[in-house]
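A look at the structure
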Amino acid sequence: MKAVRCHNHEIHVHDVPAPSGEGVRVRVASAGICGSDLHFWQDGWPIPFTLGHEIAGVTLDGTAVAIEPTDYCGHCERCVRGDYNLCVRGSGAVLGVGRDGGMTEEIIVPEKCLVRLPGGTRKEDACLVEPLSVAVRGIALAGISDKHKVAIIGGGSIGLCAVAIARQATSTVHLFARHDAQKRAGEILGATLGGETDDYDLVIDCAGTDSAMEQAANLCRPGATILMLASYWGGLTMPAMQMMMKELRTVTSMAQARQGLVRDVDIAAAALARNPLIAPTLITHRLPLEAAAEAFAIAADRKQGAIKVAFNP
């Protein structure tokens, strides 16, 4: 079968053996390109595995599922308390990072990783469950109510997922985005563009830059919260004096896990089903596995309107 991998700063489609071993076999129907996949490719990370942690498909019995991409141990202290995204297995437990991921035709995963899709949800769209669950976890950790005024900095797929999730909790969500396609998508999902006030209760950084963090601090009212939802590949300089003077709270969040007895991925799947605008707004390009190099090039060029590029094997 075909599988997408990267090495020497190049994307390649390989012929690989079909997976074997214990678990549930899933025929992949959609696999999204994440910003982290772009970094693995562009920065030349030595990952010998098939890429892809945003995955959905159908099991051999015909059940449509998304896949939670972490094969956590379930026994360490972090897993027991529900924070299995912090499992002692580390990145080796993550599909597409420490083991083969979903940019392929079939994958075998532990049954615990399956996310049954609500009725009416297309498996071709359900690769969005994973990035939506990232926003679910972060916003839950930061805390949000219907009285909160929220600003989101960054209009990539995580920023727009944050718009979609935040709008289900409060009506006041403002998006600060660079590109026209991102701005249009934000408006479709219910965000208001821009705003220059400094009285936001929650500011979500989905850009991951020094300037974004400075903007976040500027937008916060005293005592507000900054949610760091981006991936900070190049490190970060914090506007510490302003944050101290305003007594701002910072919250970090990574991937997805569980809230009480409910998984973030299940909340995300329900959100995707509840809002039919999410999938056609976020997935801007669909390509076959054979066009992997072209797909990654499209995903890397935000100026041309790409938000989420997905493979539909």
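Here, the structure is the one placed above.
Description of the structure in this document. Everything quoted here is computed from the prediction, not taken from an experiment. (Residues numbered from 1 in each chain as written. Predicted model: local features only at pLDDT ≥ 70, side-chain atom pairs only at ≥ 80, totals over all residues. Heavy atoms only, no water.)

On to the overall build of the protein, then. Each helix and strand in the protein was counted, giving 10 helices and 17 strands. Compactness check: the protein gives a C-alpha radius of gyration of 19 Å against a globular reference of 20 Å for 313 residues, within 12% of the reference. Along the three orthogonal principal directions, the C-alpha set of the protein runs to about 55 × 45 × 40 Å. Considering the protein as a whole, with its 313 residues, one finds that 53% of them fall into the buried category. The long-range share in the protein, meaning contacts at least 24 apart out of those at least 6 apart in sequence, stands at 70%. Carbon and sulfur atoms form 51% of the exposed surface of the protein, whose accessible area is close to 13400 Å². Across the protein, 29 positive and 34 negative side-chain charges occur, with their mean positions spaced 3 Å apart. (Helix = DSSP H or I, 4+ residues; strand = E, 2+ residues; numbered from the N terminus. Rg over C-alpha atoms; globule rule 2.2 N^0.38 Å. Buried < 20%, exposed > 50% of the residue type's maximum accessible area, 1.4 Å probe, protein only. Contact = heavy atoms within 4.5 Å. Areas by Shrake-Rupley, 256 points an atom, 1.4 Å probe, with all protein chains shown as cover. Lys, Arg positive; Asp, Glu negative; His and termini not counted. Charge placed at Lys NZ, Arg CZ, Asp CG, Glu CD.)

The next point concerns the packing of aromatic side chains. For the structure on display, the rule yields six aromatic pairs. With centroids separated by 5.0 Å and ring planes inclined at 45°, the aromatic side chains of Phe 40 and Trp 45 adopt a geometry described as tilted. With relative accessibility at 4%, the residue Phe 40 sits in the buried group. An aromatic cluster is defined as three or more aromatic residues linked by ring pairs; in this entry it consists of Phe 40, Trp 45 and Trp 233. The ring of Tyr 72 carries Lys 112 above its face, with NZ or CZ at 4.3 Å from the centroid. (Phe/Tyr/Trp six-rings, centres within 6.5 Å; stacked < 30°, edge-to-face > 60°. Lys NZ or Arg CZ within 6 Å of the ring centre and 35° of its normal.)

Attention now goes to the pattern of salt bridges. Inspection of every chain in the model, using the stated rule, returns 17 salt bridges. One salt bridge in this structure joins Lys 2 and Glu 290, with 3.9 Å as the shortest N-O distance. Here Lys 2, found in strand E1 (residues 2–7), pairs with Glu 290, found in the loop between strand E16 (283–287) and helix H10 (292–300); they are 288 residues apart in sequence, far enough to count as distant. With a shortest N-O distance of 3.3 Å, Lys 112 and Asp 71 are connected by a salt bridge. Linking Lys 112 in the loop between strand E6 (106–109) and strand E7 (114–116) with Asp 71 in the loop between strand E5 (64–67) and helix H2 (77–80), this pair joins segments that are 41 residues apart in sequence. One continuous salt-bridge network, built from bridges that share partners, spans Asp 71, Arg 89, Arg 99 and Lys 112. (Salt bridge = Lys/Arg side-chain N within 4 Å of Asp/Glu carboxyl O.)

Moving on to the nonpolar core. Residues Val 129, Leu 132, Ile 152 and Ile 204 are the most contacted members of the largest nonpolar core, which totals 46 residues. At the level of elements, helix H3 (129–142), strand E8 (149–153), helix H4 (157–167), strand E9 (172–176), strand E11 (200–205), helix H8 (264–274) and helix H9 (278–282) are the ones that each hand at least two residues to this core. Contacts of Val 129, omitting those with residues within four sequence positions, involve Ala 66, Leu 117, Val 265, Ala 268, Ala 269 and Leu 272. (Core = buried A, V, L, I, M, F, W, Y, C linked by side-chain atoms within 4.5 Å.)

Before going further, it helps to examine the packing of H3 against H4. Axis separation between H3 and H4 bottoms out at 8 Å; the angle between their running directions is 60°. Between H3 and H4, the angle is such that the two are oblique. Read as a crossing pair, H3 and H4 show a hand that is right-handed. Between H3 and H4, the residues in contact are Pro 131, Leu 132, Val 134, Ala 135, Val 136 and Ile 139 and Ile 158, Cys 161, Ala 162, Ala 164, Ile 165 and Ala 166, respectively. Class assignment for the residues of the contact of H3 with H4 results in 12 nonpolar, no polar and no charged. (Axes fitted to C-alpha atoms, helices over the stretch in contact; angles between N-to-C directions. Parallel < 35°, antiparallel > 145°, perpendicular 65-115°, else oblique. Left-handed = near helix turned anticlockwise from the far one by under 90°. Nonpolar A, V, L, I, M, F, W, Y, C, P; charged D, E, K, R; others polar.)

Time to look at the state of the cysteines. One pass over the full model with this rule turns up zero disulfides. Cys 6 forms no disulfide, and the closest cysteine sulfur to it belongs to Cys 34, at a distance of 13 Å. Residue Cys 34 stays outside any disulfide, its sulfur separated by 9.9 Å from that of Cys 161, the closest cysteine. (Disulfide = S-S within 2.5 Å.)

Before going further, it helps to examine the sheet that holds strand E13 (residues 249–252). A sheet is described by the order of its strands in space; here six strands give the open sequence E10-E9-E8-E11-E12-E13, paired in parallel fashion. The open sheet has two free edges, formed respectively by strand E10 (192–193) and E13, since each of these has just one partner strand. Of the pairings in the sheet, the one linking E11 to strand E12 (residues 220–228) comprises five bridges and is parallel in character. In the sheet register, Ile 204 faces E12, and the bridge partner there is Leu 227. Here H4 sits on the sheet in contact with E8, E9 and E11, set at roughly 170° to E9. Docked against the sheet, helix H6 (residues 210–219) engages E8, E9, E11 and E12, running at close to 145° with respect to E12. (Pairing = 2+ DSSP bridges.)

The subject of this paragraph is the pairing of E9. Most of E9 sits inside the fold, with four of its five residues counted as buried. The sheet contact formed by E8 and E9 spans five bridges and is parallel. Looking at E9, one finds that Ile 153 is bridged to Phe 176. Strand direction decides the pairing type here: E9 and E10, joined by two bridges, are parallel. Paired with Leu 175 across the bridge in E10 is Leu 193. With respect to chirality, the unit in which E9 leads through helix H5 (residues 180–188) into the neighbouring parallel E10 is right-handed. (Right-handed = clockwise from strand over helix to strand, strands pointing away.)

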